[in-house]
Amino acid sequence: MTHPTSSDHIDNVLHETRVIQPPADFAAQAQVTREEYDRRYRQSLDDPDTFWAEVAGELTWMTPWEQVLDWQEPHARWFVGGQTNIAYNALDRQVERGLGGKRAFVWEGEDGEVRTFTYAELLREVKQAANAMLALGVQTGDRVTLYLPLVPEAAIAMLACARIGAVHSVVFGGFSVSALSDRMNDAASKLLITADAGLRRGGLVNLKANADEAAGKTPTLEHMLVVNRAGSNPPMQPGRDVWWHEALAAASDEHEAMPLDSEHPLFVLYTSGSTGKPKGVLHTTGGYMVGTYLTTDTVFDLKDDDVFWCTADVGWVTGHSYSVYGPLLNGATVMLYEGAPNHPDWGRFWAIVQKHRVTILYTAPTAIRALMRQGDAIPAQYDLSSLRLLGSVGEPINPEAWMWYARVIGGDRCPVIDTWWQTETGSIMLTTLPGAHPAKPGSAGLPMYGIEPAIMTRAGEELGPNDGGLLVIKRPWPSMLRTVYGDDERYRKTYWGEIPHVYFAGDGARRDADGYITVMGRVDDVLNVSGHRLGTMEIESALVAHPSVAEAAVVGRPDDIKGECVVAFVLPQGEQTVDPAALRAYVTREIGALARPDAIYIADALPKTRSGKIMRRFLRQIAAGRAIEGDTSTLEDPGVLDRLAETPAV
Ligand code: 6R9
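What you see is a predicted model; the values in this text were computed from it and never measured.

Student: Looking at this structure, I do not really get the side chain of T296. What am I missing?
Tutor: As for its placement among the helices and strands, T296 is situated in helix α11 (residues 285–299). A relative accessible area of 0% means that T296 is categorised as buried. One polar contact links the side chain of T296 to the main-chain carbonyl oxygen of T292, over a distance of 2.6 Å. The residues contacting T296, other than those within four sequence positions of it, are D301, L302, S321, Y322, G326, P327 and N330.

So, in structure tokens, the structure goes:
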């Protein structure tokens, strides 16, 4: 296998032997004990039909399913013949259960504004938004792109789409015009929901200006619904653009959720792959609903009075599954925060926890490391006693960050759970259950119910304890992706074609004698920068599109805060000079600030094999300032490495 890129970090994980028992007070009140986990996990593998039918049966179906699973590898259909609606289950069902007056969302803007929505209020707005979309001609099955800041309207729009069976495609508000138009074109979106602007670190991000430019390149687009977030008065194109508040005010608040086939597409979410353009990961209604419902309840030990805060933006899958669908399906109170963790200062997260009495905090290692760097004195100024459970997601968490999170934020009273999953898996796959399992810092843990992981070689040979290999899943699960939007061949090849008959996750991992799985990082050309996936190919394409660049190679370099950062090696075009600042600005414009290279090497050649393949392995070593290791004999010109090692990064 290819070596995972963050090797310093991996060494730390490999030498880690601490085992942390669940705090006794927590374990005493926890939903799931170790025995209970063992029993249900066994049942979920031995008799999956009964197991999943029981879970799905806790939700409302307009037509019962006839068959739990129809598996025609690599295509799964779950709850076959059943009809349901995820927005109905997230909202109407809660109101019918008497939770209408309970808070669904507590939203805090970066400027300190707070908006609260009860389940009844949220349902009303979602119904109005659904009617507003219908009035704009959106029909069941149409694609709707969302390009929004983290405002309540983002979740309202998602739920409104789900209510009428329109397929949402959320594009992170930090993405560029080209990223937005590429995604809208791939999905052939009819409607774009955006905002005039977003608030970020006190400034304005002009989303509408980007949306206008992207709309010009998207022939399928008919309308734009514009949320007035910042009062910035953008130009509105008559006939095309409609203000969100005006459309909702004109819409009826009566709407019945549409019964949809269990396999009706719910959303597309684009994520980076190892080659070519981002993939539109497609999730469908019934299975995704069951997976997010079960995991939110079980993994986070959900209680009626919890205030659940997942800090992810809705532009990522974590925001879909654990800021919107999973918690609402369980009738939980969700905290949403619009802005940056360091605005106006690094105490912002802790101020939010204190003010809103957050009980469960779910965030990413990159944020934990950045907060840790600010020192213990900042969190010490806040009352964090409401917290009872801490979670981590997005990349491997290094044991130092884990211990700091548990001690300084959790006061040694809160369990810390590490959760491994992917855009493609839809919901949490590996974790420790907080009251049932001891945690091993750096290791994600054990499989969730119904998930059967294994560690394999490329040849499909299953490896034993402690052998490093490839992480695979041996059977389908309800919230798995169904295909790559518009490219089923890519779905087959990428996920079920690498190793026969198993789902290939693209991560390297090993499993210890207790069954705990430690995920070590991507084995393909995908970088994980601040917990976000970026394809090296995507960044390389952006670089070579710049007139001063003839050729480019991108690798990751271990970074204390971001986990990994982007390092680019570029060859100038002819006699041109490469201006690093201009190149960085160009990548930011083409993809987004996340992809901006931290270091650029201007080279006269790249290390290639005789067949012309760039050997990124050596570039990673150079980027990390390490000595060249490994067999250089397949290189066409081994002298390239010496010259590169002497080239300063700019
Ligand atoms: C949910 C999400 C998925 C990739 C995945 C892996 C990495 C996520 C992790 C983790 C180690 C964890 N990853 N969680 N690695 N430990 N707890 O992050 O989805 O954006 O699709 O990223 O992130 O490499 O393959 P997504």
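Moving on, there is more to tell.
Student: Just checking my understanding: could you explain the sheet that holds strand β12 (residues 241–243) for this structure?
Tutor: Strand pairing in a sheet relies on backbone hydrogen bonds. The paired strands run either parallel or antiparallel. The eight strands lie next to each other as β12-β11-β8-β6-β7-β14-β15-β25, forming an open sheet whose pairing is mixed. On the outer flanks of this sheet lie β12 and β25 (483–484), each paired with one strand and no other. In terms of strand pairing, strand β8 (residues 191–195) meets strand β11 (residues 223–227) through five bridges, oriented parallel. Bridge pairing links L192 to M224 in β11. Docked against the sheet, α11 engages β14 (265–271) and β15 (279–284), running at close to 80 degrees with respect to β15.

Student: Quick question: what am I supposed to make of helix α3 (residues 34–46) here?
Tutor: The periodicity of an α-helix, 3.6 residues per turn, causes residues three or four positions apart to be oriented the same way. Look at α3: 18 Å from first C-alpha to last across 13 residues, which is about the 18 Å you get at 1.5 Å a residue. Among all positions of α3, only Y37, R40, Y41, Q43, S44 and L45 are buried. Its buried side turned inward, α3 meets α4 (48–56), β22 (446–447) and β23 (453–456).

Student: Please explain the site of the ligand as it appears in this structure.
Tutor: The local shell around the ligand holds 17 residues, among which D418, T419, T423, D507 and R533 are the closest. In this structure, E395 approaches the ligand through a main-chain N or O atom, which is 3.4 Å from a nitrogen atom. In the model, an oxygen atom of the ligand is placed 2.8 Å from a nitrogen or oxygen of the R533 side chain. Expressed as a share of its isolated accessible area of 530 Å², the protein-covered part of the ligand is 96%. Elements with a minimum of two residues in the shell around the ligand: α12 (317–329), β20 (416–419) and β27 (517–522).

Scoring rules and cut-offs
Residues numbered from 1 in each chain as written. Predicted model: local features only at pLDDT ≥ 70, side-chain atom pairs only at ≥ 80, totals over all residues. Heavy atoms only, no water. Helix = DSSP H or I, 4+ residues; strand = E, 2+ residues; numbered from the N terminus. Buried < 20%, exposed > 50% of the residue type's maximum accessible area, 1.4 Å probe, protein only. Polar contact = N/O pair within 3.5 Å; in protein donor to acceptor, adjacent residues only side chain to side chain. Contact = heavy atoms within 4.5 Å. Pairing = 2+ DSSP bridges. Axes fitted to C-alpha atoms, helices over the stretch in contact; angles between N-to-C directions. Expected span 1.5 Å × (residues − 1). Near = heavy atom within 4 Å. Areas by Shrake-Rupley, 256 points an atom, 1.4 Å probe, with all protein chains shown as cover.

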